[in-house]
Amino acid sequence: MTDPLAARELAEEAAALDAADPLAAKRAEFDLDPAVAYFDGNSLGAPPKHVAERLTTVVREQWGRRLIRSWAEGWWAAPERVGERIAPLVGAGPGQVVVADSTSVDVFKTLVAAVRANPGRDEILLDAGTFPTDGYVAGQVARLTGHTVRRVPVAGLAAAVDERTAVVLANHVDYVSGRLHDMASVTAAAHRAGALVVWDLCHSVGAIPVRLDECEVDFAVGCTYKFLNGGPGSPAFVYLARRWRDTFDQPLAGWAGHADPFAMEPDYRAATGAGRARSGTPDLLSLLALDAALDVWDDVDLAVLREKGLALGDFFFRCLDGLLPGTEAATPRGPARGHQVSVHDPGGERTMTALHERGVLGDFRPPDVLRFGLAPLYTRYAEVLRAVTTLREVRASAR
């Protein structure tokens, strides 16, 4: 039985934290159902309210009135322009980020380019707990290039990289546990051994400060539909460190990455700069929806974002301790975590389905992990308490 005093104290603490939240006003910029407590921004971010209006303008004015003229009036340059808006969120200087294609396609392009940039080595070192698509892609790149794939837990990557390793592919934040990995130390260890590094930022961009330039990262890929709120299927981005921008040799030589795409030359000449990571015609509607969604970041201090994200997680753990003592969490309690809390639950998917029925939307990962994403721009402390309280009710009903 839960201590009623603990529940009352947690409710009072949640109210005080929400009242003092420096990002509280940001929630009003999102189109959220007030009846729902949303904890799946680490899979699909909530839509900023103004995105729908912006897309209406794109469809009616740019597409509907300007028609093909819009390509020369901003559409064609949008991948680089939107990339420049993402760059500060990943600690990148100008001219190093471009938005193009899906995460899977971008991982493929970037991994092949990294292998080509580091000849004479026959191994791809892979984060053993990686998101499945990264592993699938790494396997196919190995088949195409004659490399082998060796899977190693991220904690062991620094010790495992050696003279055979061409490239290390690792996730900045583990998608199941939410554990945050040490980008600086892994990158430095790889470089000491002569290897390059590709970081997957899908669960960190828009959640925590990322410092690609400072950590001397070679390449990175990230999605935009999670914490960046770009919308379902919004295009991913590629980061090319300045030293690689003009030699990035990717395998999908499409017209959008050509030095002069409208010259219609028979032979391929790669563009200079980050634009050489482009391949095909950009998905303009999704790209411009992302562009609109990025407006919410214009006045956000990433240090404040990180502070709130950690505070939300700390409060989640206090709620677990007070209302569901003994619950095992897959997520570290210290600062070495992203902005999600993952808990083990014997009911697994059934429990998450019951939470959805009660208006608490998280997600499930096999075999028994319930994930609760904490998006600092719109998640409230009161919602965290609601999530844990509802989880307690669901478990009680199951018993």
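As recorded by an unreviewed UniProt entry, the protein carries the name Kynureninase and is attributed to Amycolatopsis ultiminotia. Quoted verbatim from the Cofactor (unreviewed entry) field of UniProt, the annotation for the protein is "pyridoxal 5'-phosphate". The annotation that UniProt attaches to the protein under Sequence similarities (unreviewed entry) is "Belongs to the kynureninase family."

Engineer: What should I look at first to understand the environment of aspartate 283 in this one?
Structural biologist: Within the element layout of this structure, aspartate 283 appears in the loop between strand E8 (237–240) and helix H8 (284–293). For the pair aspartate 283 and glutamate 123, spaced 160 residues apart in sequence, the C-alpha to C-alpha distance is 34 Å.

Engineer: How do you make sense of a nonpolar patch on the surface when you look at a structure like this?
Structural biologist: Taken together, the side chains of Val59, Trp63, Leu67, Ile68 and Leu285 make up a nonpolar region of the molecular surface, amounting to roughly 490 Å² of accessible area. Inspection of the secondary structure assignment puts valine 59 in helix H2 (residues 50–63).

Engineer: It is not clear to me how the UniProt feature "binding site: pyridoxal 5'-phosphate" (unreviewed entry) in the protein should be interpreted in this structure. Could you clarify?
Structural biologist: If you check UniProt for "binding site: pyridoxal 5'-phosphate" (unreviewed entry), the listed places come out as Thr103, Ser104, Phe131, Pro132, Thr133, Asp134, Asp200, His203, Tyr225, Trp255 and Thr281 in our numbering. What stands out for the annotated residues spanning 179 residues is how far apart their C-alpha atoms range, the widest pair being 30.3 Å apart. Residue placement: threonine 103 occurs in helix H4 (residues 103–117). Judged by its relative accessible area of 11%, threonine 103 is buried.

Engineer: Sorry, what's going on with the state of the cysteines here?
Structural biologist: The term disulfide refers to a covalent linkage connecting the sulfur atoms of a pair of cysteines. Under the defined criterion, the tally for this structure stands at zero disulfides. Left without a disulfide partner, cysteine 223 is nearest to the cysteine sulfur of cysteine 202, which lies 3.7 Å away.

Engineer: How should the environment of glutamate 9 be read in this particular structure?
Structural biologist: Considering the arrangement of structural elements, one finds glutamate 9 in helix H1 (residues 4–20). Relative accessible area serves as the criterion here: at 47%, glutamate 9 is assigned to the partly exposed category. Once the C-alpha coordinates of glutamate 9 and tryptophan 297 are considered, the two residues, 288 residues apart in sequence, prove to be 33 Å apart.

Engineer: Please explain the side chain of aspartate 218 as it appears in this structure.
Structural biologist: Note on placement: aspartate 218 falls in the loop between strand E6 (196–200) and strand E7 (219–222). A polar contact is formed between the side chain of aspartate 218 and the side chain of arginine 243, at a distance of 2.9 Å. Those residues in contact with aspartate 218 that lie beyond four places of it in its chain are His191, Leu196, Val197, Tyr239, Leu240, Ala241, Arg243 and Trp244.

Engineer: Would you take a moment to explain the UniProt feature "modified residue: N6-(pyridoxal phosphate)lysine" (unreviewed entry) in the protein for this structure?
Structural biologist: As annotated in UniProt, the feature "modified residue: N6-(pyridoxal phosphate)lysine" (unreviewed entry) corresponds to Lys226 in the numbering used here. With relative accessibility at 8%, the residue lysine 226 sits in the buried group.

Engineer: Help me understand the sheet that holds strand E2 (residues 97–99), please; the structure alone is not making it clear to me.
Structural biologist: With respect to topology, seven strands assemble into an open sheet ordered E2-E8-E7-E6-E5-E3-E4, the strand pairing being mixed. The open sheet has two edge strands with one neighbour each: E2 and strand E4 (148–152). Between one strand and the next, the sheet's axes are offset by a mean angle of 20 degrees, whatever the strand orientation. As judged from the four bridges shared by strand E3 (residues 123–127) and strand E5 (residues 165–171), these two strands associate in the parallel manner. Opposite isoleucine 124, over in E5, you have valine 167 as the bridge partner. Strands E3, E5, E6, E7 and E8 of the sheet are contacted by H4, whose axis makes an angle of about 170 degrees with E7.

Engineer: Looking at this structure, I do not really get the nonpolar core. What am I missing?
Structural biologist: Across soluble globular proteins, nonpolar side chains show a tendency to be buried alongside one another. Counting residues in hydrophobic clusters, the biggest one holds 84 residues, and the most contacted among them are Ile86, Val90, Trp199, Leu201, Leu212, Trp297 and Leu377. The two domains that each donate at least three residues to this core are domain 1 (4–30 + 300–398) and domain 2 (52–297). Membership of the second largest hydrophobic core comes to 29 residues, among which are Ala14, Leu324, Ala354 and Val388.

Engineer: Mind showing me how you'd approach the sheet that holds strand E11 (residues 363–365) here?
Structural biologist: Each strand in a sheet pairs with another by means of backbone hydrogen bonds, the pair being arranged parallel or else antiparallel. Ordered in space as E9-E12-E11, the three strands form an open sheet in which the pairing is antiparallel. Sheet topology places strand E9 (340–344) and E11 at the edges, where each strand pairs with a single neighbour. When strand polarity is set aside, the average angle formed by the axes of neighbouring strands in this sheet is 30 degrees. Here E11 pairs with strand E12 (residues 369–373) via three bridges, running antiparallel. Looking at E12, one finds that arginine 365 is bridged to valine 369.

The rules behind each value
- Residues numbered from 1 in each chain as written.
- Predicted model: local features only at pLDDT ≥ 70, side-chain atom pairs only at ≥ 80, totals over all residues.
- Heavy atoms only, no water.
- UniProt positions renumbered as here; feature names shortened; annotations may be inferred.
- Helix = DSSP H or I, 4+ residues; strand = E, 2+ residues; numbered from the N terminus.
- Patch = residues over 30% accessible without salt bridge, like charges linked within 9 Å, V, L, I, M, F, W, Y side chains within 5 Å.
- Areas by Shrake-Rupley, 256 points an atom, 1.4 Å probe, with all protein chains shown as cover.
- Salt bridge = Lys/Arg side-chain N within 4 Å of Asp/Glu carboxyl O.
- Buried < 20%, exposed > 50% of the residue type's maximum accessible area, 1.4 Å probe, protein only.
- Disulfide = S-S within 2.5 Å.
- Polar contact = N/O pair within 3.5 Å; in protein donor to acceptor, adjacent residues only side chain to side chain.
- Contact = heavy atoms within 4.5 Å.
- Pairing = 2+ DSSP bridges.
- Axes fitted to C-alpha atoms, helices over the stretch in contact; angles between N-to-C directions.
- Core = buried A, V, L, I, M, F, W, Y, C linked by side-chain atoms within 4.5 Å.
- Domains from an automatic or database assignment.

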